[in-house]
Structures are given as C-alpha cells and as structure tokens.
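Each chain is listed here by its residues.
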Amino acid sequence: MDKLTLFKQIQEKKSFLCIGLDTDLHKIPKHLLEYEDPIFEFNKQIIDATKDLAVAYKPNTAFYEALGAKGWQSLARTLDYIPNDIFTIADAKRGDIGNTSRLYAQAFFDRMNFDSITVAPYMGVDSVSPFLSFEGKWVILLALTSNEGSQDFQMIQSGDGKPLFQHVLEKSQEWGSANNLMYVVGATRGEFIAEVRKIVPDHFFLVPGVGAQGGSLEEVAKYGMNAHCGLLVNSSRGIIYASDGEDFAQVARDEARKLQAEMEELLQKFCK
Ligand SMILES: O=C(O)c1cc(=O)[nH]c(=O)n1[C@@H]1O[C@H](COP(=O)(O)O)[C@@H](O)[C@H]1O
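Given the structure is predicted, the values throughout are model-derived calculations rather than measurements.

Cut-offs applied
Residues numbered from 1 in each chain as written. Predicted model: local features only at pLDDT ≥ 70, side-chain atom pairs only at ≥ 80, totals over all residues. Heavy atoms only, no water. Phe/Tyr/Trp six-rings, centres within 6.5 Å; stacked < 30°, edge-to-face > 60°. Helix = DSSP H or I, 4+ residues; strand = E, 2+ residues; numbered from the N terminus. Buried < 20%, exposed > 50% of the residue type's maximum accessible area, 1.4 Å probe, protein only. Lys NZ or Arg CZ within 6 Å of the ring centre and 35° of its normal. Salt bridge = Lys/Arg side-chain N within 4 Å of Asp/Glu carboxyl O. Contact = heavy atoms within 4.5 Å. Patch = residues over 30% accessible without salt bridge, like charges linked within 9 Å, V, L, I, M, F, W, Y side chains within 5 Å. Areas by Shrake-Rupley, 256 points an atom, 1.4 Å probe, with all protein chains shown as cover. Lys, Arg positive; Asp, Glu negative; His and termini not counted. Charge placed at Lys NZ, Arg CZ, Asp CG, Glu CD. UniProt positions renumbered as here; feature names shortened; annotations may be inferred. 1 Å grid on protein atoms, 1.4 Å probe; cavity = no way out; pocket = protein on both sides within 12 Å on 5 of 7 lines; lining within 4 Å. Points joined across faces, edges and corners; volume = space filled by probe spheres on them. Nonpolar A, V, L, I, M, F, W, Y, C, P; charged D, E, K, R; others polar.

**Student:** Tell me what's going on with the packing of aromatic side chains, and back it up with residues and numbers.
**Tutor:** Evaluated as defined, the whole model comprises 8 aromatic pairs. Taken together, a centroid distance of 5.8 Å and an interplanar angle of 85° make the contact between F40 and Y81 edge-to-face. With F40 in helix 2 (residues 38-50) and Y81 in helix 4 (residues 69-81), the pair connects residues that are 41 residues apart, well separated along the chain. Looking at F40, the relative accessible area reads 10%, which means it is buried. What makes Y81 partly exposed here is its relative accessible area of 28%. The interplanar angle of 70° and the centroid separation of 5.9 Å between the aromatic rings of F165 and F192 together place this pair among those described as edge-to-face. Here F165 is found in helix 8 (residues 164-172), whereas its partner F192 is found in helix 9 (residues 190-199), with 27 residues between them in sequence. Neither residue differs from the other here; F165 and F192 are each classed as buried. What links up through ring pairs into an aromatic cluster is the set F42, Y241 and F248. Taking NZ or CZ as reference, R197 lies 3.8 Å from the ring centre of F205, over its face.

Set out below in structure tokens:
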C-alpha cells in the first residue's frame, strides 16, 4: 500500500486508528477456548467488529511466536483475514546483519505478505536496508519509544547536543524515503513529538502508547499531524481487552468508535 492510498483510507474512514492484535490466550474470553484456533477466532471477531473504523492492524508477533508453530498459523490466518485495503504491520522489531535481515524480510513480506514491519535501528544501515529493498513494503523504524527504558539510550546526547533518537531520524533518511520508511514515536513522549515532526516533516509515524499506556491522542495530533495526517495511532489492550465476556467484540467496537470519533475531530482541526 503506498502513502497516498493510506491517506485516502484515512480520509474515507475519518480515522488514523491502528488496532493492535496483541492476542493472549490467557486474556481472551474463556468461551473462545473451545474453538480449534481460539486466537484466530478472537482476531476474526475483533476485525469484523472494527474494520470500518481502523486503517491498520498491528499484530505483535511475540504473542504468536510464544505459542510456537500453532501461533504462527494463527498469525498467518489472521493476516489473510484482514481486508486487503487495510494496512498491516508485523510488529516484530527485527534487525540483524544483512543476510539475516534479508531472511527476516522474506519471512514477513514474501511468506506472510505484511505491508510493513517494525525494525530496531541499533545495528545500523546494513541491518535495515535489506527490508527497504522490497518494492511496495515499509520499514517502521524505532525512533523514540513509549517505554520507560527509552530514557536509557535514546536521549543520550552526542557532542553536538543531538539526542540519539535525532541521529536515528537524520541518518535513516539516507536509507529510505517518506514512501517506504515510517518511525515509531511513543504517545507518552508528547513533549518531543513537535521536535520529531520538524526533523521528519513528511514521514508517517506509528504512535503506540495511547489507551493502556496513558498517552494523549490530542497532544499527538496537535504536535505530530501534517497535511497527509502522517499518523497511525495504535491502541491494543485498551480496545481488544475492553471486555472479557461474550460481548468482547461489540465492546471493542465501542472503544474503537470513541477513538475514531475523536480522530475525526482532530483531522478537521490539525490535518493541513
Ligand atoms: O513497535 C511498537 O509497536 C511499540 C513501540 C513502542 O515504543 N511502544 C509500544 O508499546 N509498542 C507496541 O505497541 C503495542 C502497545 O500496546 P498497548 O499498550 O496495549 O496499546 C504493543 O504491541 C507494544 O509492543
């Protein structure tokens, strides 16, 4: 999916919501456990209930890898079930030496056909560029993450006073463009979003940290939105685990609708 098509989706649905399919066997409603593939059944019902409200789905692969081969099957079935016009993110946080990264890219872009994959930049250009050589696919590079530990390294300043995350943003622009490279910017790092947007004015951000992590959607939009929206704001637990009863899909829809309604207003206010 290219950048313009993604923006058209955002305009049509009046939404820049990404729903995280972080599906945990111990958290899904108990009545689903009688299904042959409870994880897929849960995801299927969440997708059916929210596909008119979301412009992206983001399974975090850890939740599927932890279940071994069966988990991978559930992930593949989930991906196949997501409507083709909705952007898909393999939240795998991969990155290794060149020939290994190329195999990771094959796994998620050829064998699984995800639109995009999250990648850690720590090993530099040869660990990232193999993913960028896949036509029509996206790298979503970790830049300023939402977790506590983002302070440990990402804020360390080099001699020129630039924090590490700024070096990641600047250097990586030599590797890809705003048409195949996005950045992870945590909603919990609101005070830096304006600064990040200045460094990368045209790139899309994947923004986790709204909902369960307490980040502000309004602040993200106020400081991060550009003329093509430029944002995919994720919520996982806040939506998919809003209820653990038989009504889980409807309640998830209600939560997604609340975020989408707020996004509709924010698009009118800041998307210019
Ligand atoms: O790459 C990510 O998606 C990610 C980056 C980051 O900085 N923080 C972060 O929470 N995430 C992921 O985004 C999702 C957030 O989940 P919730 O806190 O339940 O909305 C999880 O799958 C995280 O792994």
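**Student:** Run through the pattern of salt bridges, naming residues and quoting values.
**Tutor:** One pass over the structure, following the stated rule, counts 14 salt bridges. Note that E65 is salt-bridged to R94, the shortest N-O span being 3.3 Å. Taken together, the residues span a long stretch of sequence, with E65 in helix 3 (residues 62-65) and R94 in strand 3 (residues 87-94) at a distance of 29 residues. Owing to a relative accessible area of 33%, E65 belongs among the partly exposed residues under this scheme. Overall, R94 belongs to the buried group, its relative accessible area being 13%. The closest approach of N and O atoms between K93 and D91, which form a salt bridge, is 2.8 Å. Taking relative accessible area as the criterion, K93 reaches 42% and is therefore assigned partly exposed. Here the salt bridges share partners, and the residues they tie into one network are E36, D37, K70 and R77.

**Student:** Explain the environment of Y241 to me, and be specific about the residues and the numbers.
**Tutor:** As for its placement among the helices and strands, Y241 is situated in the loop between helix 11 (237-240) and helix 12 (248-270). Put simply, Y241 and F153 are 88 residues apart on the chain and 32 Å apart in space, counted from C-alpha to C-alpha. Residue contacts for Y241: discarding those within four places in its chain leaves D22, T23, D24, K27, I28 and F42.

**Student:** Lay out a negative patch on the surface with the relevant residues and their values.
**Tutor:** Where like charges cluster on the molecular surface, the negative patch consists of E34, D244, E246, D247 and D254. Looking at the element boundaries, D244 is found in the loop between helix 11 and helix 12.

**Student:** Residues and numbers for the UniProt feature "domain: Orotidine 5'-phosphate decarboxylase" (unreviewed entry) in the protein chain, please.
**Tutor:** Those residues carrying the UniProt feature "domain: Orotidine 5'-phosphate decarboxylase" (unreviewed entry) are residues 16-252 in this numbering. Secondary structure over residues 16-252 splits into 39% helix and 16% strand, and the C-alpha atoms at its two ends are 16 Å apart.

**Student:** Got a sec to walk through the layout of surface pockets? Specific residues and values, please.
**Tutor:** Considering only enclosed or pocket space, the largest pocket measures out at about 420 Å³ in volume. In this structure, the largest pocket is lined by 25 residues; those nearest its centre are K58, D91, S146, P208 and Q213. For the lining of the largest pocket, the secondary structure elements donating two or more residues are strand 3 and strand 8 (231-235). Considered as a void within the structure, the second largest pocket measures approximately 350 Å³ in volume. Lining the second largest pocket are 18 residues; nearest its centre among them are P121, Y122, Q154, L164 and V168. Of all elements in the fold, only strand 5 (138-144), helix 7 (150-153) and helix 8 reach the threshold of two or more residues within the lining of the second largest pocket. With 6 residues, helix 8 is the largest single contributor of residues to the lining of the second largest pocket. Broken down by class, the residue content of the lining of the second largest pocket amounts to 10 nonpolar, 7 polar and 1 charged.

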